[in-house]
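Spelled out from the first residue to the last, the chains are:
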Amino acid sequence: MALTPRQIEELKGLTARRRDSLVAELRRDAGRARDESFGALAGTTHDLGDESVAALLADLDQSELSRDLEELRGLEAARARIADGSYGVCADCGAEIEFERQRAAPGALRCVACQTRHEKTFAGPGRASL
Ligand SMILES: [Zn+2]
């Protein structure tokens, strides 16, 4: 069941809004990171404990940042697929992705079955690859 033009319009609005809020969030994070490193440079207390905490926070920030960036890339790719008419089709098996799934995850590239398989295949360490 292909997506109707109306559903595509809805998903288009959804990805645009989600992208805008992600961009705003990233801008905020970038501004905060700048402030924090400036604060650290200007700071007077410089013992090892503080630096470890600062490094930990920086790491945390970066993993959140890269998650956001990844989602942003996914949304940009989704918008490109909407524009060229290939949106809503599973990248692996070519089946239609249900509207409800696309609405819940506008950047989704695969149908549920293929995504599950993909995640199992590319699961983290500790899994034997047979
Ligand atoms: Zn599929």
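Attention here is on the structure that accompanies the text. Everything quoted here is computed from the prediction, not taken from an experiment. (Residues numbered from 1 in each chain as written. Predicted model: local features only at pLDDT ≥ 70, side-chain atom pairs only at ≥ 80, totals over all residues. Heavy atoms only, no water.)

1. Quick word on the overall build of the protein chain
Under the convention used in this document: The numbering of helices and of strands both runs from the N terminus, where a helix is a DSSP run of H or I of at least 4 residues and a strand a run of E of at least 2. Residue burial is assigned from relative accessible area. The probe radius is 1.4 Å, only protein chains are included, and a residue is buried under 20% of its type maximum, exposed over 50%, and partly exposed in between. Pairs of residues are marked as contacts when any of their non-hydrogen atoms sit within 4.5 Å. Reported accessibility uses the Shrake-Rupley method at a 1.4 Å probe radius. Residues are deemed covered only where the shown protein chains occlude them.
When you go through the protein chain residue by residue, the secondary structure sums to 4 helices and 0 strands. Reading the protein chain from its N end, one meets helices and strands in the order α-α-α-α. Taking all 130 residues of the protein chain together, 22% fall into the buried category. Expressed as a percentage of contacts within the protein chain between residues at least 6 apart in sequence, the contacts between residues at least 24 apart total 61%. Total accessible area computed for the protein chain in this model is approximately 9200 Å², and 58% of it derives from carbon and sulfur atoms.

2. Quick notes on the pattern of salt bridges
Between side chains of opposite charge, pairing is possible as soon as their charged atoms come close. Rules: One speaks of a salt bridge when a side-chain nitrogen belonging to Lys or Arg is within 4 Å of a carboxyl oxygen belonging to Asp or Glu.
Going through the model one piece at a time under the given rule, you end up with 7 salt bridges. Between Glu10 and Arg103 there is a salt bridge, with the nearest N and O atoms lying 3.0 Å from each other. Pair noted here: Glu10 is in helix α1 (residues 5-42) and Arg103 is in helix α3 (residues 99-104), with a separation of 93 residues, a long-range link. In this structure Glu10 comes out as partly exposed when scored by relative accessible area, which is 32%. Residue Arg103 is classed as partly exposed on the basis of its relative accessible area, which comes to 32%. Where Asp92 meets Arg110, a salt bridge forms, and the shortest distance between an N and an O atom there is 3.1 Å.

3. Some details on the environment of Thr15
Within the secondary structure, Thr15 is located in helix α1. Ignoring anything within four residues of it in the chain, the contact list for Thr15 reads Leu75, Ala78, Arg79, Ile82 and Pro106.

4. Quick word on the coordination of the zinc ion
Rules: Metal-coordinating donors are taken as N, O and S atoms lying within 2.8 Å of the metal, or within 3.2 Å when the metal is Na, K or Ca; because water is left out, some sites can appear incomplete. Only four donors with every angle between 85 and 135 degrees are called tetrahedral; only four or six donors with opposite donors over 155 degrees apart and all others between 65 and 115 are called square planar or octahedral, in that order; all others are irregular.
Distances from the zinc ion to its protein donors, namely Cys90 (SG), Cys93 (SG), Cys111 (SG) and Cys114 (SG), fall within the range 2.3 Å. Around the zinc ion, the 4 donor atoms are arranged such that angles at the metal cover 103 to 115°; this shape is classified as tetrahedral. Sequence positions of the donors to the zinc ion reduce to the motif C-x2-C-x17-C-x2-C. Here Cys90 is found in the loop between α2 (48-84) and α3, whereas its partner Cys114 is found in helix α4 (residues 112-121), with 24 residues between them in sequence. The same class applies to Cys90 as to Cys114, namely buried.

5. A look at the nonpolar core
Stated precisely, the cut-off is as follows: Note on terminology: a nonpolar core comprises buried Ala, Val, Leu, Ile, Met, Phe, Trp, Tyr and Cys residues joined through side-chain atoms within 4.5 Å.
In terms of nonpolar packing, the biggest core is built from 6 residues, these being Leu3, Leu11, Ala78, Ile82, Tyr87 and Phe99. Apart from the residues within four sequence positions on either side, Phe99 is in contact with Leu3, Gln7, Glu10 and Leu11.

6. So, the side chain of Gln115
Turning to its location among the elements, Gln115 is positioned in helix α4. Setting aside residues no more than four positions away along its own chain, Gln115 makes contact with Arg101 and Arg110.

7. A word on the layout of surface pockets
Here is the rule: A pocket, in this scheme, is an open set of points on a 1 Å grid over the protein atoms alone with protein on both sides within 12 Å along at least 5 of 7 lines, while a cavity is a set where a 1.4 Å probe fits but cannot get out; residues line either one if an atom lies within 4 Å of a point. Grid points are joined across faces, edges and corners, and a volume is the space filled by probe spheres set on the points. All residues other than Ala, Val, Leu, Ile, Met, Phe, Trp, Tyr, Cys, Pro, Asp, Glu, Lys and Arg, Gly among them, are scored as polar; the first ten of these are nonpolar and the last four charged.
Taken as a whole, the second largest pocket holds about 230 Å³ of empty space. Residue lining of the second largest pocket: Arg67, Glu70, Glu71, Gly74, Leu75, Pro106 and Gly107, and that is the complete set. When the residues that make up the lining of the second largest pocket are grouped by side-chain class, the tally is 2 nonpolar, 2 polar and 3 charged.

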